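Single-letter residue listing:
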Amino acid sequence: MSKKDFFTYQAQTTPHPLALEVSHAKGSYVYDTDGNAHLDFVAGVSACSLGHCHPKVVGAIKAQLDEYMHVMVYGEYVQKPAVEFSKLLSSLLPSNLNTTYLVNSGTEAMEGALKLARRHTGRSEIIAAKNAYHGNTMGSLSLMGLEERKSPFRPLIPDIRFVQFNNEEDLIKITEKTAAVVLETIQGGAGFIVPKNDYLEKVRARCNKVGALLILDEIQPGFGRTGKLFAFEHYNCTPDILVIGKGMASGLPVGAFVASKQIMADLKDNPKLGHITTFGGNPVIAAASLATLKEITETDLIHQTLAKEKLFRKLLKHPLIKEIRGKGLMLAPIMQNEDVADYLILEAAKKGLILFWLLFEPKAVRISPPLTISMKEIEEGCDHIISILNGYRPNTVN
Ligand SMILES: Cc1ncc(COP(=O)(O)O)c(C=O)c1O
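Because the structure is predicted, anything quoted here is derived from the model rather than measured. (Residues numbered from 1 in each chain as written. Predicted model: local features only at pLDDT ≥ 70, side-chain atom pairs only at ≥ 80, totals over all residues. Heavy atoms only, no water.)

A. Seen up close, the overall build of the chain. Helix and strand counts for the chain stand at 13 helices and 15 strands. Taken against the 2.2 N^0.38 rule, which gives 21 Å for 398 residues, the C-alpha radius of gyration of the chain at 21 Å falls within 12% of a compact globule. In the chain, 72% of the contacts between residues at least 6 apart in sequence involve partners at least 24 apart. With the model as given, the accessible surface of the chain reaches about 17,900 Å², and the carbon-plus-sulfur share is 55%. (Helix = DSSP H or I, 4+ residues; strand = E, 2+ residues; numbered from the N terminus. Rg over C-alpha atoms; globule rule 2.2 N^0.38 Å. Contact = heavy atoms within 4.5 Å. Areas by Shrake-Rupley, 256 points an atom, 1.4 Å probe, with all protein chains shown as cover.)

This is the structure:
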């Protein structure tokens, strides 16, 4: 295997991938093929909640591999890992979120949620937020709140309207025609924007008034990242449909949408097979999800998240950092300008610290480490960040 083969045979997503050649990964570190350790402040973009190859997750996967891997499409056979995960999740959620549909990725979970909302309400209009990101399949892409990224792929699905996140005046756009309002509980790609002034409560009230469903996308903030199991718990607002993924299986491909039994029933009848998937609920991935959820909820990890946030905020003080957005271990230092952000991310990569960009906010630097990161590792990484910023000179990006 070589880097050249990566560029030759594997489809590329940008003209300039980071192209780190991975040997293995463990805990908070990714190791390259030259034997260098890279401290991971990104966690596979919020996916490796328990770090790399957590022994309990690996153990659960291995045990399941010895039993069975795939026996039937989703929804026909009773497969213990999927049932146990769905049952445990339901016990941890508000009572209306008691039925889980397991799928293969975040974007597929969003597709399922959109179909369910249309089917349940008999309405077609979907309201999403400007600068939102919900995935890359055609339905999720239609909700993307940045026209320049989606216009080359039009026509997309019709009947989508946009509101400005945190803008109460826009709530009037939610009407009796609206099937669902789809929001990230904390906007990710936009720059880790948290809801302000009881915004989500107000959205919830407006949805109740006009009979629209509220879909919250917790693919990124979910599973303990913000100091609660799900971020909506901070904001006194329970969705009708909860969309989850990423950190759920601590590094395996996964997604799910959760609703009440009554709403979810609309996918099984009239027409039956309203949403189907071959691999959704895959037993190996469900076993990893169950082990992850148990570890997150049976330890002090969620609580520690807030102490870790405090440490990041204390250490990341520098004239080039203008503010730090986000919550818990979903933090985005906002740099003086885009050039500083690029410099920091690329210099950090050379010095063994993994940082990354956010989709729509070029001044932001992503910090979304494993929940298991230690205080010492946070100190080590933040020291690197400060020393790199101290060495910044305008226009030094190479
Ligand atoms: C908020 C949010 N929604 C949806 C998705 C899409 O998930 P996936 O990449 O698993 O399809 C992502 C992924 O980055 C996300 O952050």
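There is more to say after this.
B. Just the site of the ligand, in detail. Around the ligand, the structure places Ser-105, Gly-106, Thr-107, Tyr-133, His-134, Gly-135, Glu-184, Asp-217, Ile-219, Gln-220 and Lys-246. Between the ligand and the protein, one listed contact pairs a nitrogen atom with a side-chain N or O atom of Asp-217 at 2.7 Å. One nitrogen or oxygen atom from the side chain of Lys-246 is found 2.9 Å from an oxygen atom belonging to the ligand. Relative to its free-state accessible area of 390 Å², the ligand is covered by the protein chains to the extent of 81%. Of the residues contributing to the shell around the ligand, the split by class is two nonpolar, six polar and three charged. (Near = heavy atom within 4 Å. Polar contact = N/O pair within 3.5 Å; in protein donor to acceptor, adjacent residues only side chain to side chain. Nonpolar A, V, L, I, M, F, W, Y, C, P; charged D, E, K, R; others polar.)

C. Representation of the packing of aromatic side chains within the structure. Scanning the entire structure with this criterion turns up 10 aromatic pairs. Residues Phe-41 and Phe-312 carry aromatic rings whose centres are separated by 5.2 Å and whose planes lie at 75° to one another, so their mutual orientation is edge-to-face. Pair noted here: Phe-41 is in the loop between β3 (37-40) and α2 (43-46) and Phe-312 is in helix α11 (residues 301-315), with a separation of 271 residues, a long-range link. Note on accessibility: Phe-41 and Phe-312 belong to one class, buried. Pairwise contacts between aromatic rings join Tyr-74, Tyr-101 and Phe-257 into one cluster. (Phe/Tyr/Trp six-rings, centres within 6.5 Å; stacked < 30°, edge-to-face > 60°. Buried < 20%, exposed > 50% of the residue type's maximum accessible area, 1.4 Å probe, protein only.)

D. Main features of helix α12 (residues 338-350). With 13 residues, α12 ought to run about 18 Å at 1.5 Å a step, and its terminal C-alpha atoms sit 19 Å apart, in line with that. What α12 keeps buried is the set Val-340, Ala-341, Tyr-343, Leu-344, Ile-345, Glu-347 and Ala-348. Where α12 is buried, its residues meet β12 (330-335), β13 (353-354), β14 (356-357), β15 (365-366) and α13 (375-390). Sitting at the head of α12, Asn-337 places a side-chain oxygen 3.0 Å from the backbone nitrogen of Asp-339. Phi for Gly-352, located one or two positions after α12, is positive at around 85°. (Expected span 1.5 Å × (residues − 1).)

E. Highlighting the pairing of β12. Among the six residues of β12, six are classified as buried, and the element is accordingly described as predominantly covered. Residues Met-330, Ala-332 and Ile-334 of β12 are buried on one face, and the alternating residues Leu-331, Pro-333 and Met-335, pointing to the opposite face, are buried as well. Hairpin geometry of strand β11 (residues 321-327) and β12 is characterised by an intervening segment of two residues between the two adjacent antiparallel strands and by a positive phi of about 60° at Gly-328. (Pairing = 2+ DSSP bridges.)

F. Quick look at the nonpolar core. Core analysis: the largest hydrophobic core is formed by 87 residues, its most contacted members being Phe-41 and Leu-355. Among the elements that line this core, the one with the most residues is helix α10 (residues 283-298), at seven residues. With residues up to four places along the chain from it excluded, the contact list for Leu-355 reads Phe-41, Val-42, Leu-344, Ile-345, Ala-348, Val-365, Arg-366, Ile-367 and Ile-385. Residues Ala-117, Val-182, Ile-241 and Leu-267 belong to the second largest nonpolar core, which totals 25 residues. (Core = buried A, V, L, I, M, F, W, Y, C linked by side-chain atoms within 4.5 Å.)

G. Quick peek at the packing of α12 against α13. Remark: α12 packs on α13, axes separated minimally by 10 Å, with the N-to-C direction vectors making an angle of 125°. Put simply, α12 runs oblique to α13. At the point where α12 passes α13, the crossing takes the right-handed sense. Residues Val-340, Tyr-343, Leu-344, Glu-347 and Ala-348 of α12 touch α13, and the partners they reach there are Ile-385, Ile-388 and Leu-389. (Axes fitted to C-alpha atoms, helices over the stretch in contact; angles between N-to-C directions. Parallel < 35°, antiparallel > 145°, perpendicular 65-115°, else oblique. Left-handed = near helix turned anticlockwise from the far one by under 90°.)

H. Inspection of the pattern of salt bridges at higher detail. A full pass over the atoms with the stated rule returns nine salt bridges. A salt bridge links Arg-325 to Glu-323; its shortest N-O distance comes to 3.5 Å. Linking Glu-347 and Lys-350 is a salt bridge whose minimum nitrogen-to-oxygen distance equals 2.8 Å. In this pair, Glu-347 and Lys-350 are both assigned in helix α12, three residues apart and thus about one turn of the helix distant. Look at the salt bridges and you will find they share partners, linking Glu-347, Lys-350 and Lys-351 into a network. (Salt bridge = Lys/Arg side-chain N within 4 Å of Asp/Glu carboxyl O.)

I. How the structure looks around the side chain of Ser-28. Within the secondary structure, Ser-28 sits in the loop between β1 (22-26) and β2 (29-32). Taking the relative accessible area as the measure of exposure, Ser-28 reaches 5% and is therefore buried. Those residues within four positions of Ser-28 in sequence are excluded, and the remaining contacts are His-38, Leu-39, Asp-40, Pro-370, Ile-373 and Glu-377.

J. Quick peek at the layout of surface pockets. Put simply, the second largest pocket is a space of about 840 Å³. Around the second largest pocket, the lining comprises 35 residues; the ones closest to its centre are Tyr-74, Gly-75, Glu-76, Thr-100 and Tyr-101. Counting only elements with at least two residues in the lining of the second largest pocket, the list comes to α4 (80-92), β4 (99-103) and α9 (261-264). If you tally residues by element for the lining of the second largest pocket, the top one is α4, at five residues. In terms of residue class, the lining of the second largest pocket is made up of 15 nonpolar, 15 polar and five charged. (1 Å grid on protein atoms, 1.4 Å probe; cavity = no way out; pocket = protein on both sides within 12 Å on 5 of 7 lines; lining within 4 Å. Points joined across faces, edges and corners; volume = space filled by probe spheres on them.)

K. Fine view of the packing of α11 against α13. Relative orientation of the contacting elements α11 and α13 amounts to 25°, with a least axis distance of 10 Å. By the angle class used here, α11 and α13 are roughly parallel. Crossing angle aside, the handedness with which α11 passes α13 is right-handed. Between α11 and α13, the contacting residues are Ala-307, Lys-308, Leu-311, Phe-312 and Leu-315 on the first element and Met-375, Ile-378, Glu-379, Cys-382 and Ile-386 on the second. In the contact of α11 with α13, the residues fall into eight nonpolar, no polar and two charged.

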